[in-house]
Structures are given as C-alpha cells and as structure tokens.
Amino acid sequence: MTDLNKQIPPKSAKIATGAVVCVESEIRGDVSIGARTVVHPKARIIAEAGPIIIGEGNLIEEQALIINSYPENIMPDTEEVEPVTMTIGTNNVFEVGCVSRALNIGDNNVIESKADLGRNVSLTSGSIIGAGCHVNTSEVIAENTVVYGAGGKRRVQSEKPQPQTLQLDFLMKILPNYHHLKKAVKGGTTPVRN
Amino acid sequence: MASLLQPDRVIYLVRGEKKTRSPLSQLYFCRYCSELRSLECVSHEVDSHYCPSCLENMPSAEAKLKKNRCANCFDCPCCMHTLSTRATNIPAPMPDDPTKTTMKKAYYLACGFCRWTSRDVGMADKSVASGGWQEPENPHTQRINKLIEYYQQLAQRERQERDRKKMARRRQCMPMAFSEKYGLGTRLQRQRAGAPLSSLAGLTLKEGEDQKEINIEPAQALDEVEPLPEDCYTRPINLPEVTTLRQRLLQPDFQPSGASQLHPKHKHLLMKRSLRCRKCEHNLSKPEFNPTSIKFKIQLVAVSYIPEVRIMSIPNLRYMKESQVLLTLTNPVENLTHVTLVACEEGDPEDVNSTAKVMVPTKELVLAGKDAAADYDELAEPQDFQDDPDVVAFRKSNKIGFFIKVVPQKEGDTDVLVSFKIRHDFRNLAAPIRPNEEAGDATTEAIWLTHHVELCLGPLAP
C-alpha cells in the first residue's frame, strides 16, 4: 500500500534444496539458507538492516535468534543506512536460546545455549562460546578459542569441535515426519502476491 | 515480599561460651540441656567420607591412604569441574592380521563446561574406560617420605618422654599400662593436650614398630640458581597459555606455569559430619551413613522445637513515629504452646543492637499444636481461642499473626533493629519419665524457656 520508500523489491527467504526449514520458524527479510542446514521450529532469523547469508551444514536450534539489526545509536528512517550483510559459514551450531548479532561467523563454531554475541564480534573458526556467556567486545576471536564461565574466561583448545554430521542426518530424516517444511526457493526474488 | 522471609531478618541469640547471633534455621537445640546451640559451640566430628560425583563411600583409613581423593573421578585442571570419560572409535590393526584394521574404542577425558580434553596436554587415549589414568609422579616423593618418617619417630620419642614425666609425677597410682591405654586416643585427653602436640599427634607410629634410627641429610643450599631465559623480557606473552593462580596452586606438586602442563587430579572427597553438644556430650546431628541419603539418624534442629518468629509486613517506618509491624509465630510441636513476649529492659546486656523501641503485646499468646492431618480432616471444628483483634491479626492452624508497635529512635540510613524476649513452655519428651506408682500421670513437666530475638526491619522510609 505505501510505496513511498518501498522501491526495494520485497524480500523473501531463499532456501536451497536439501535444507530443512520448519514452517514454525520465523524468517523475515532477505535471508538465504544453504544446503544441509537445519532450522528448528521457533528459531528466528531476522534480517532488518541487511541480508543474512547462511552457509551449509548449520544447525539452528529452537528459540535461537539470529538478527541483523540496526546499530543501537542509529534511528531507522532518519538517514540512508547502507545494508550490511551478515555472513554465517558452514557447520556452525546455534544452540537453544542463543542470540547472535555478530556480522561475521566462520566455520565450525558452536554458540551454546543462551549465549549473546554482539554486533562487532567476529568468530573465525572452531570457537565455542559457552552457555550464558555475553561477548560484546569488538574483536576478532582467534581460532579454536573457548569462552566459558561467568567472567567470560577464555582458553585455547587444541582442536576444533566435531561437526555435528550425525545429528544433522538424524534431524533431516526425522523432522519432516513431524513438521511441515518451507519450500525450497531457488535464487531471485519472487513477487509477493497480496 | 520475599525479602522479608530472608533468614537473616530474624536472629536468635545463643548463650554459649561465646554469644552468637544467627537465624533459627541455622541453630540446633539440645533437648537434654534445653538450650540453643550454634555451630560454634558444638564439636564437629567426621562421620564418613564420600566422593561427590560417584557417591562412593570410603572408609576413613582408606581415605587417609589415598590422601582424601577418589580413585575413579577426576577434576578438570582448567575449570575444576568433574571430568567425564568419552569414547571414540579409532581404526587399529587387528592382533591376528596386521594388514586389516578394525574399529577399537579409545577413551579420553573431557570437561563439559570448558571443553578441556585430556588430549590438550598430550595424554594418550586409553583403551580401558576407567583405571587407566595416572597422575604424574612428584619427583620429590622419596625425600618427603623420608622426612615424614624421621619426624614420626621424633614425635614418638617426645611422647614417650612426656608420658614418663607425667607418670613420675603421679607417683604410683597409675601403672605403666594405663598411660598407654589412655593415650591420645580418647577425646578427653585430646582436649587437654596443648596445641603444639596436636599437630604431631597424627604422625605417631603404631605401637610395636621398630625404633630404628633414621638419619636425614640436611637440605643443601645452592649458590647458583638457574638463570632466566634470555628472551624473558622480549618474548610476547601468549595469554591463553599462562595458567591462573588458582589452576597453578591446585597442583602444589608442580605448580605449572603453562596450560599445556596442567594434568587432571583425582577428585577431593567430601565428608559427612556429626555434631555433639559440648556440655552433655549428646549427639545433635548424625547423618545417615549412605552417601545417597540426605536424611539424618538424629536431627535436633532448633526449628522443630522452638517457635519461629517471622516478619509478615512492614509499614513505612518514620523517625519517632509509632507504626505497627505484623509478625507471625509458628508452633513446631504437636502440643499447645503458650508464648509470652517481653520487651527488653533498659540496660539489658544482651540488647546491644536495637535502634528502636518496641511495644509487644502483654497478653499471653496461645498457639495450637501442629496437626499433620488437619488438612485432610474436614469435619474438625476449629478450636475456639478468644483472640483480641488488636493483638492477633489472624490464626491459621499452628500459626498466629500478631502486631507489635515500633518507634524508631535513630535517624539516618541505619536499619531499624528491634529486639525482645520470647518466653515459651517446652515439654521435654526425651527425658525419661519417672515411673510413678499411680499410672496415668503421663504429662511431662513443662519448663519455660526464654530466648532473645532480634529483628531487622529495614531502613526508614525516605
């Protein structure tokens, strides 16, 4: 109805074939999801301030929130803010209830339950953000780092966490038995019918 | 307002050797002395040892041998959590045919909290699930053992000399055999022995061991010390590799400064303790032997004998203005209890902390007994107590709500503290009933106990 600043074509989720995305999950904005990624019901992927690109083999569990939101000190609608893309690599695990606003997430990371990542954190690969840890700094977290404990203690582990291939295979078989899935959409935005 | 139910709001005074003040939930009641006891005026004794993760009981002698550590469980050297054993499948050559490989299980230790694994320090995976893990040997064990033996012998010699001196003073009353039999084993002797001897008491040799002379070499002082590495000042610090003080000191044998040398240690045992009244030597608290059971064989806690005062609601308190505070009194015993409240007099030595004047109800309050079946018995008639509505706000089974009037005396930011004494009757069911020739006199004598109670009512209203 209001076409004043809606010159951008309407966005929808691009889901690759082979990805299992449950209908109960909430996906808003320009989100593309790679193959072999499992998105549980009640997971929320919200692209407000820019598109989100999610790679392959990721596991996004219930009540996880991946949000590309406007930085806090900018009001929307005041100026032209360039959309910043959020990239998520392969084989990451977003456990139940975590919140991720980080713009760059590499491969093989595990973000445990109720962890909170700020916008300016960059995870490279093999990191584990422990349960309940809040990481709000603006830094690049080195490879194979484990953040744990109440004070956000850190240590380096010798090997990256195992990819959850077994769990992914199991879920890709079982979830369609109990949930409806969102249909795979290939590339290009489809016009939305009112 | 859950903050009104916090335990440190209502404090009872314990008149022991030292006057201690603590909430009723942390106190014990010796029903033989009819007095409140706190943790500081009872003697603590070790009952049994157990491991907190595998809940395995361990006899005290075995615990002492294993230095109070569990044989099966390990602690993470990084975050001190309990380590769990995980298994992986690795291909290994079959014993019959070296060319073919078969999947064998390999076990490693992993921490669920900080994700530390035994592979991080280079410990190889073991092929057995438990029992394969060894702690690294301390290079100084031999020297330490030798020193301990030498000092054990020294302690034995000193004890014999002391016994000899004591016997000489006692003339001929006590024969030789008695002093050894009543040595430092009994508790009474232990309490009488002075402090310097009690530290060596644990090292005494068993009777009958040979008195061989052990000589130790004195420690040699070295002139040269290992020099610091040359790049000590220029090498950049790898922070994740540096161990924290806590991680370092948990392994006093090695105290490694690098995280790659932190080896897991066996888990410390916890103990169950029993408490004993110092005056009458009766047990106040004796837990069950089984580590999985949280019950007690003997549990003489204060909340099951003394009526408990709790704060229910506090109005806005203003300096020098009288306000009404609603308190509740709960009766823990099954018979009727009469409670009288008495305000503290001027110059009461126990009344040190109060910052407000309090007017307590003068009439005697009657509390119904605790009746466990009252909830289920619908036909029970509520007992009729003539309650003065100015004093008693409500009454519910064994609980009563009553008002006290408080006049804060001190202005400023300090909390308003009031204190008063509660006097109640206590029927001692533990004392043996004197056999009366006329049967039927089954009521036990009631004694009146007085307790000093202090309440913290919070700050004055702004």
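Residues numbered from 1 in each chain as written. Chains lettered and ligands numbered in written order. Predicted model: local features only at pLDDT ≥ 70, side-chain atom pairs only at ≥ 80, totals over all residues. Heavy atoms only, no water.

Whenever I open this one, the overall build of chain B confuses me. Can you help?
The number of helices and strands found in chain B is six helices and 22 strands. Summarising the internal contacts of chain B: among those between residues at least 6 apart in sequence, 66% fall at separations of at least 24. Counting every atom, chain B has about 30500 Å² of accessible surface; 53% of that belongs to carbon and sulfur. (Helix = DSSP H or I, 4+ residues; strand = E, 2+ residues; numbered from the N terminus. Contact = heavy atoms within 4.5 Å. Areas by Shrake-Rupley, 256 points an atom, 1.4 Å probe, with all protein chains shown as cover.)

How do you make sense of the interface of chain B and chain A when you look at a structure like this?
The extent of an interface is frequently quoted as the accessible surface area lost upon association of the parts. Listed as interface residues are 10 residues of chain B and, on the opposing side, 12 residues of chain A. Both faces considered, chain B and chain A share a buried interface measuring about 930 Å² in area, 48% of it formed by carbon and sulfur atoms. Three residues, Phe113, Arg115 and Asp120 of chain B, lead the burial of chain B against chain A; their summed loss comes to 50% of the area buried on that side. Inspection of the region where chain B meets chain A yields one salt bridge. For arginine 115 of chain B, the salt bridge is made with glutamate 112 of chain A, and the minimal N-O distance between the two is 2.4 Å. Class assignment of the residues belonging to the side of chain B that touches chain A gives a composition of six nonpolar, one polar and three charged. (Buried area = accessible area lost by both parts, 1.4 Å probe. Salt bridge = Lys/Arg side-chain N within 4 Å of Asp/Glu carboxyl O. Nonpolar A, V, L, I, M, F, W, Y, C, P; charged D, E, K, R; others polar.)

When you look at the nonpolar core in this model, what are you seeing that I'm missing?
In a soluble, globular protein the nonpolar side chains are often hidden away together inside. Ranked by size, the top nonpolar core spans 49 residues in total, and within it Tyr12, Leu36, Leu327, Leu329, Ile404, Val406 and Phe420 of chain B carry the most contacts. Not counting the four nearest positions on each side in its chain, leucine 327 of chain B is found in contact with Val309, Arg310, Ile311, Met312, Ile400, Gly401, Phe402, Ile404, Phe420 and Leu455 of chain B. If you look at the next biggest cluster of nonpolar residues, it comprises 33 residues, including Ala13, Ile27, Ile66 and Cys133 of chain A. (Core = buried A, V, L, I, M, F, W, Y, C linked by side-chain atoms within 4.5 Å. Buried < 20%, exposed > 50% of the residue type's maximum accessible area, 1.4 Å probe, protein only.)

How should the pattern of salt bridges be read in this particular structure?
Should their charged atoms come close, side chains of opposite charge can pair. Residue and element names in this part refer to chain A. Per the stated rule, a full pass over the model turns up 16 salt bridges over all chains. Close ionic contact of arginine 36 with aspartate 169 constitutes a salt bridge, the shortest N to O distance being 3.0 Å. Within this pair, whereas arginine 36 is found in the loop between strand S4 (31–33) and strand S5 (38–39), its partner aspartate 169 is found in helix H1 (residues 165–178), the two being separated by 133 residues in sequence. Using a relative accessible area of 32% as the deciding quantity, one classes arginine 36 as partly exposed. Residue aspartate 169 is classed as partly exposed on the basis of its relative accessible area, which comes to 40%.

Mind showing me how you'd approach the side chain of threonine 20 of chain B here?
As for its placement among the helices and strands, threonine 20 of chain B is situated in strand S2 (residues 19–22). Residue class for threonine 20 of chain B comes out buried when judged on its relative accessible area of 12%.

Where do I start with the sheet that holds strand S21 (residues 417–427) of chain B in this structure?
Pairing between sheet strands relies on hydrogen bonds along the backbone, with the strands arranged either parallel or antiparallel. All names here are of chain B. With respect to topology, six strands assemble into an open sheet ordered S2-S1-S22-S21-S16-S18, the strand pairing being antiparallel. On the outer flanks of this sheet lie S2 and strand S18 (365–367), each paired with one strand and no other. The mean angle between the axes of side-by-side strands here comes to 30 degrees, regardless of whether they run parallel or antiparallel. Relative to strand S22 (residues 446–456), S21 runs antiparallel, the two being bridged by 11 bridges. Residue pairing across strands places arginine 423 opposite threonine 450, the latter belonging to S22. (Pairing = 2+ DSSP bridges. Axes fitted to C-alpha atoms, helices over the stretch in contact; angles between N-to-C directions.)

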